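If you want the building blocks of each chain, they are given just below.
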Amino acid sequence: MELETFKKKLLPLRKKMINVAYQFMQDKEDAEDIVQETFLKLWTIRNDLEQYNSLEALTIQMVKNKSIDRLRARRTERIGETESLLESKELTPEKILEEHDAVGQIRRIVDGLPELQQLIIRMKDIEGYEIAEIAEITGTQIEAVRVNLSRARKRVRDLFMKLNNGRYEN
């Protein structure tokens, strides 16, 4: 599915998606994040969307699922999970060397980020999308993309510095 078709078919559903997410989250920013995550997911599966009878039903179900996932995630400590993954007791000599590899550490930290932050940081820093393009794909404001990108980068930087006891500070 091309970008124009994607926008024509899915962007009109945005308001309904926000309303559904808000019913679950009771927070406007969380609802916006969930809708943005849903648009990112829809964009990644855009070539398979033709097989669905109702894009509206699909998007609403995705918003519901993401809202429930977000509520469940609040019960767990994301940073604690990331640190425990990085400090696994089942380390082989190869894994120990890999743990000291900064790129490997950053990759694992990014893998532990919330889904929205993972997608945005990958789209921007790995795939090379511009912020405006990410906003257009997700149907959200440029500022929302910037905020989520900033949050993701800050979390990666903070965890990386913590894991390396500040070794890489300038």
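A short tour of the structure in this document, coming up. Predicted model only: the values in this text are computed from it and were never measured. (Residues numbered from 1 in each chain as written. Predicted model: local features only at pLDDT ≥ 70, side-chain atom pairs only at ≥ 80, totals over all residues. Heavy atoms only, no water.)

## Notes on helix H2 (residues 14-25)
We apply this condition: What counts as a helix is a DSSP run of H or I of at least four residues, what counts as a strand is a run of E of at least two, and both are numbered from the N terminus. Given a helix with a known number of residues, its expected span is that number minus one, times 1.5 Å. Remark: exposure states derive from per-residue accessible area (1.4 Å probe, protein chains only) relative to the maximum for the residue type, with buried under 20%, exposed over 50%, and partly exposed in between. As used here, the arc belongs to the directions running from the helix axis to the C-beta atoms. Contacts are assigned to residue pairs that have any heavy atoms within 4.5 Å of one another.
With 12 residues, H2 should reach 16 Å at 1.5 Å per residue; the first-to-last C-alpha distance of 16 Å fits that figure. Within H2, burial applies to Arg14, Met17, Ile18, Val20, Ala21 and Met25. All buried residues of H2 lie within an arc of 165° about the axis, which places them on one face of the element. Away from the buried face of H2 by more than 90 degrees, exposed residues Lys15 and Gln23 are located. Residues of H2 that are buried make contact with helix H1 (3-10), helix H3 (28-44) and helix H4 (55-73). A positive backbone phi angle near 55° is found at Gln26, which sits one or two residues after H2.

## Here's the deal with the environment of Arg14
In plain terms, the rule: For this analysis, a polar contact is any N or O atom pair within 3.5 Å, provided that within protein one partner can donate a hydrogen and the other can accept it, and provided that sequence-adjacent residues contribute only side-chain to side-chain pairs.
One can find Arg14 in helix H2. Judged by relative accessible area, which is 17%, Arg14 ranks as buried. A distance of 2.7 Å separates polar atoms of two side chains, one belonging to Arg14 and the other to Glu32.

## What about unusual backbone geometry?
One non-glycine residue, Gln26, lies in the positive phi region at around 55°. You can see Gln26 is positioned in the loop between H2 and H3. On the basis of relative accessible area, Gln26 is assigned to the exposed category, the value being 52%.

## A word on the layout of surface pockets
Here is the rule we go by: A cavity here means a set of points on a 1 Å grid, drawn over the protein atoms and nothing else, where a 1.4 Å probe fits but cannot get out; a pocket is an open set with protein on both sides within 12 Å along at least five of seven lines, and a residue lines either one if it has an atom within 4 Å of a point. Grid points are joined across faces, edges and corners, and a volume is the space filled by probe spheres set on the points. Three residue categories are used. Nonpolar comprises Ala, Val, Leu, Ile, Met, Phe, Trp, Tyr, Cys and Pro, charged comprises Asp, Glu, Lys and Arg, and polar comprises the others, including Gly.
Reported here for the second largest pocket is a volume of approximately 260 Å³. Looking at which element gives the most residues to the lining of the second largest pocket, the answer is helix H10 (residues 142-163), with 5 residues. Split into classes, the residues belonging to the lining of the second largest pocket amount to 2 nonpolar, 3 polar and 7 charged.

Without other data, these values stay purely geometric and don't point to any function.
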